[in-house]
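An overview of the molecular structure
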Amino acid sequence: MFEHRRRVWLRTGVVLLMGAGASGCPTHAPPRGREVVKKALVHTSLATAWTSPGAQEGGVRDGWLATFQDAQLQALVVEALGHNPDLRSAAARVEQALALLGVARSGLLPSVDVEGKGSFGIGQGLGSTLRGIALFAGWEVDLWGKLRYRRNAAQESAAAAEFEFEFARQSLAATLAKGWLMATEAHLLRGLAVERVKMGEELLQLTATRLQVGAASQQELALAQATLDSYRDTLKQTELARVQAVRAVELLAGRYPAGALEPRAALVELPGPVPAGIPASVLERRPDMIAAERRVAAAFNRMQEARAARLPSLSLTGSVGFVDSDVVVLKETLSNPAGGLAAGLLAPIFHGGALAAQVRVRTAEQEESLGAYAAAALRATNEVEDALTNAKVLEERQALLERVVAENARALELLTIDHRVGKVDLRTLLQQTLLAESARIALLRVRSEQLIQRINLHLALGGSFSVPAPAPEKPDAR
């Protein structure tokens with residue numbers, strides 16, 4: 001009987017509390033999309049199209065990593081996503097934000113506590129003399145939306161953390177891909193240095209032979225030896241650069257930096273043109289920009305929460321309990337179980353200006369979030385413009401350097417023949433060798449930079465490195 005009456009009391013209290021809370025005022029929605037852009041970019045307007053040359057028409061696409069057709073790179077990205085320590089920290093921040101959201105949501109629900117008491121007599125054969133159990137429920141009625149604004153702010157902050165985590169994933173994939181390209185470039189530069197050392201050894205041997213027959217001087221022999229030593233020093237530098245580049249990739253992948261990873265033997269080919277969309281699409285697609293917009297919404301809700309905190313608050317409480325005693329005779333007028341409901345109204349009168357100051361703090365925080373959004377928006381569009389401009393310039397440089405490499409290679413071939421027959425001295429040959437090698441290095445770096453700028457463009461546009469999984473097919477309704 002007692003158990004049945006206790007449940008009835010508790011249900012009645014909870015229903016009354018929920019009914020009172022349902023009468024709260026509706027909350028205001030935070031600014032979204034174009035409204036945020038308008039509020040943030042007060043003195044700047046977005047262009048309707050990219051101003052840099054080379055921008056391709058069409059919507060931004062996902063799955064850019066696969067366009068490089070490098071299975072080893074794709075495997076390294078998957079490994080990094082599972083083992084990178086920085087990404088692990090970013091994931092933990094998401095969990096923290098979601099936990100805080102749970103705390104904020106709990107404020108909208110009643111709190112229920114149970115209390116049990118018992119007193120025991122000692123001596124003269126007395127046992128338990130008094131025992132009882134009570135349930136207490138309390139609820140702050142969200143009249144003005146204070147608790148809902150608090151929940152909404154936590155919800156927006158959690159969403160921002162999730163989008164920031166996604167951008168961290170995209171940034172990690174892009175950074176690792178660029179590191180992989182730089183490791184390959186360093187590996188190829190080391191190969192060029194090895195070729196120069198072999199050429200220097202052959203040139204030193206040729207000069208020594210010419211000296212024996214009187215066709216060269218001791219000065220030329222010393223110059224050939226000094227050149228060979230210089231080539232060997234360059235080889236040492238390129239070997240160090242290669243190891244450092246490989247270790248950087250290993251660190252990104254979450255591996256121990258042993259320098260054991262073997263780069264590619266050649267750079268991948270530059271994929272085809274990339275549709276760039278329009279500047280507004282960058283703000284809608286990039287996870288970091290979506291996160292910045294959510295931060296604006298969170299600040300808006302915190303400001304509204306601070307305003308609502310200046311208004312009266314209503315709290316409801318309810319309780320139900322049961323008391324029993326072995327030796328104490330309870331009054332006949334005391335019903336068992338017993339319970340009750342109560343309401344309390346609290347209106348702030350004077351807090352030394354703290355509530356008004358809190359509103360000013362939250363208002364300033366919202367302005368700060370708008371400023372941060374504006375800076376992020378301009379930075380994002382600038383990254384796209386830079387990547388497009390760099391790609392166009394690098395394309396033109398590649399065409400020029402390919403001709404320079406071919407012309408210098410032909411000139412070196414002719415000078416080598418002339419040097420063997422004594423028409424030109426060693427210094428002239430070395431100067432041409434330096435020009436030819438410099439052109440080859442410049443072309444290699446331009447090709448590598450083209451690939452890096454392509455990755456920068458994908459990241460700046462907000463295109464994901466992976467292709468979304470296809471939606472499951474709906475079952476046949478027939």
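Given the structure is predicted, the values throughout are model-derived calculations rather than measurements.

On to the overall build of the protein, then. For the protein, the helix and strand inventory stands at 10 helices and four strands. Buried positions account for 38% of the 478 residues belonging to the protein. When contacts within the protein are restricted to residue pairs at least 6 apart in sequence, those whose partners lie at least 24 apart make up 83%. Accessible surface, the protein as shown: approximately 27000 Å² in total, 57% of it carbon and sulfur.

Okay, the nonpolar core next. Among the nonpolar cores identified, the biggest contains 35 residues, and Trp64, Leu73, Val77, Leu176 and Ile455 are the most heavily contacted of them. Counting residues per element, the ones that place at least two in this core are helix H3 (71–83), helix H5 (146–212), helix H6 (218–252) and helix H10 (426–461). Once you skip the residues sitting within four places of it in the chain, Ile455 turns out to touch Trp64, Phe68, Ala174, Ala177, Lys178 and Leu181.

Another aspect to go through is the layout of surface pockets. One simple way to see leftover space: roll a probe sized like a water molecule over the atoms. The computed volume of the largest pocket comes to approximately 350 Å³. Forming the boundary of the largest pocket are 18 residues, of which Gly54, Pro273, Ala391, Glu395 and Arg454 lie nearest the centre. When residues of the lining of the largest pocket are traced back to their parent elements, those giving at least two are helix H9 (354–420) and H10. Per-element tally for the lining of the largest pocket: the top contributor is H9, with five residues. Looking at the lining of the largest pocket, its residues break down into 10 nonpolar, five polar and three charged. If you go around the second largest pocket, you meet 17 residues; those closest to its centre are Arg34, Val37, Leu46, Ala280 and Leu283. Among the elements of the structure, helix H2 (33–40), helix H7 (279–285) and helix H8 (287–308) are those that each provide at least two residues to the lining of the second largest pocket. No other element matches the four residues that H2 contributes to the lining of the second largest pocket.

Attention now goes to the packing of aromatic side chains. If you walk through the whole model with that rule in mind, you get one aromatic pair. Aromatic side chains Trp64 and Phe68 sit 6.0 Å apart centroid to centroid with 85° between the ring planes, which places their arrangement in the edge-to-face category. For the pair Trp64 and Phe68, a shared accessibility class is recorded, and that class is buried.

Within the secondary structure layout, Thr227 lies in helix H6. Classification of Thr227 as buried rests on a relative accessible area of 13%. In this structure the side chain of Thr227 is engaged in a polar contact, spanning 2.8 Å, whose partner is the backbone oxygen of Leu223.

Each α-helix winds once per 3.6 residues, and so residues spaced three or four apart point in a common direction. The first and last C-alpha atoms of H6 sit 52 Å apart over 35 residues, in line with the 51 Å expected at 1.5 Å per residue. Just past H6, the residue Gly254 takes up positive phi, approximately 85°.

Attention now goes to the packing of H2 against H9. Interaxial distance between H2 and H9 falls to 9 Å at its minimum, and their mutual angle equals 95°. As far as their axial angle goes, H9 and H2 are roughly perpendicular. Residue-level inspection shows Val36, Val37, Lys39 and Ala40 of H2 in contact with H9, the latter providing Leu370, Tyr373 and Ala374. When its residues are assigned to classes, the contact of H2 with H9 shows six nonpolar, no polar and one charged.

We now examine the pattern of salt bridges. Applying the stated criterion to the full structure yields 23 salt bridges. Of the charged contacts, one joins Asp70 and Arg264 as a salt bridge, the two residues approaching to 3.7 Å between their closest N and O atoms. In this pair, Asp70 is assigned in the loop between H2 and H3 and Arg264 in the loop between H6 and H7, connecting sequence segments 194 residues apart. Among the salt bridges present, the one from Arg410 reaches Glu413, with a minimum N-O distance of 3.5 Å. With Arg410 and Glu413 both in helix H9 and three residues apart, this pair spans about one turn of that helix. Overall, the relative accessible area of 47% leaves Arg410 in the partly exposed class. The exposure class assigned to Glu413 is partly exposed, which follows from its relative accessible area of 45%.

So, on to the packing of H5 against H8. At a closest axis distance of 8 Å, the pairing of H5 and H8 adopts a crossing angle of 165°. Taken together, the axis directions place H5 and H8 in an arrangement best described as roughly antiparallel. Relative to H8, the crossing made by H5 is left-handed. A breakdown of the residues in the contact of H5 with H8 according to their chemical character gives 13 nonpolar, five polar and 10 charged.

Right, let's talk about the side chain of Gln453 for a bit. Mapped onto the elements, Gln453 comes out in helix H10. Accessibility expressed as a relative area gives 9% for Gln453, which makes it buried. Among residues more than four places away in sequence, those in contact with Gln453 are Asp386, Ala387, Asn390 and Leu394.

The phi torsion at Gln69 lies on the positive side, around 50°, for a residue other than glycine. You can see Gln69 is positioned in the loop between H2 and H3.

Close inspection of predicted coordinates is inappropriate in any region flagged by low pLDDT. Considering every residue of the protein, the mean pLDDT works out to 85; 85% of them sit at 70 or more. Helix H1 (residues 2–21) is the least confidently modelled element of the protein, averaging 43 in pLDDT, while H6 averages 95, the highest of any element. Every residue in residues 1–23 scores below 50 in pLDDT, and together they form 24 contacts with partners more than four places removed in sequence or on other chains.

It is worth spelling out the environment of Asp233 at this point. Locating Asp233 in the fold gives a position in helix H6. For Asp233 and Val197, which are 36 residues apart along the polypeptide, the C-alpha to C-alpha distance reads 9.4 Å.

Turning next to the environment of Arg61. With respect to the secondary-structure elements, Arg61 resides in the loop between H2 and H3. Setting aside anything within four residues of it in sequence, one finds Arg61 in contact with Pro275, Arg285 and Gly463.

Calculation criteria
Residues numbered from 1 in each chain as written. Predicted model: local features only at pLDDT ≥ 70, side-chain atom pairs only at ≥ 80, totals over all residues. Heavy atoms only, no water. Helix = DSSP H or I, 4+ residues; strand = E, 2+ residues; numbered from the N terminus. Buried < 20%, exposed > 50% of the residue type's maximum accessible area, 1.4 Å probe, protein only. Contact = heavy atoms within 4.5 Å. Areas by Shrake-Rupley, 256 points an atom, 1.4 Å probe, with all protein chains shown as cover. Core = buried A, V, L, I, M, F, W, Y, C linked by side-chain atoms within 4.5 Å. 1 Å grid on protein atoms, 1.4 Å probe; cavity = no way out; pocket = protein on both sides within 12 Å on 5 of 7 lines; lining within 4 Å. Points joined across faces, edges and corners; volume = space filled by probe spheres on them. Nonpolar A, V, L, I, M, F, W, Y, C, P; charged D, E, K, R; others polar. Phe/Tyr/Trp six-rings, centres within 6.5 Å; stacked < 30°, edge-to-face > 60°. Polar contact = N/O pair within 3.5 Å; in protein donor to acceptor, adjacent residues only side chain to side chain. Expected span 1.5 Å × (residues − 1). Axes fitted to C-alpha atoms, helices over the stretch in contact; angles between N-to-C directions. Parallel < 35°, antiparallel > 145°, perpendicular 65-115°, else oblique. Salt bridge = Lys/Arg side-chain N within 4 Å of Asp/Glu carboxyl O. Left-handed = near helix turned anticlockwise from the far one by under 90°. pLDDT = per-residue confidence, 0-100.

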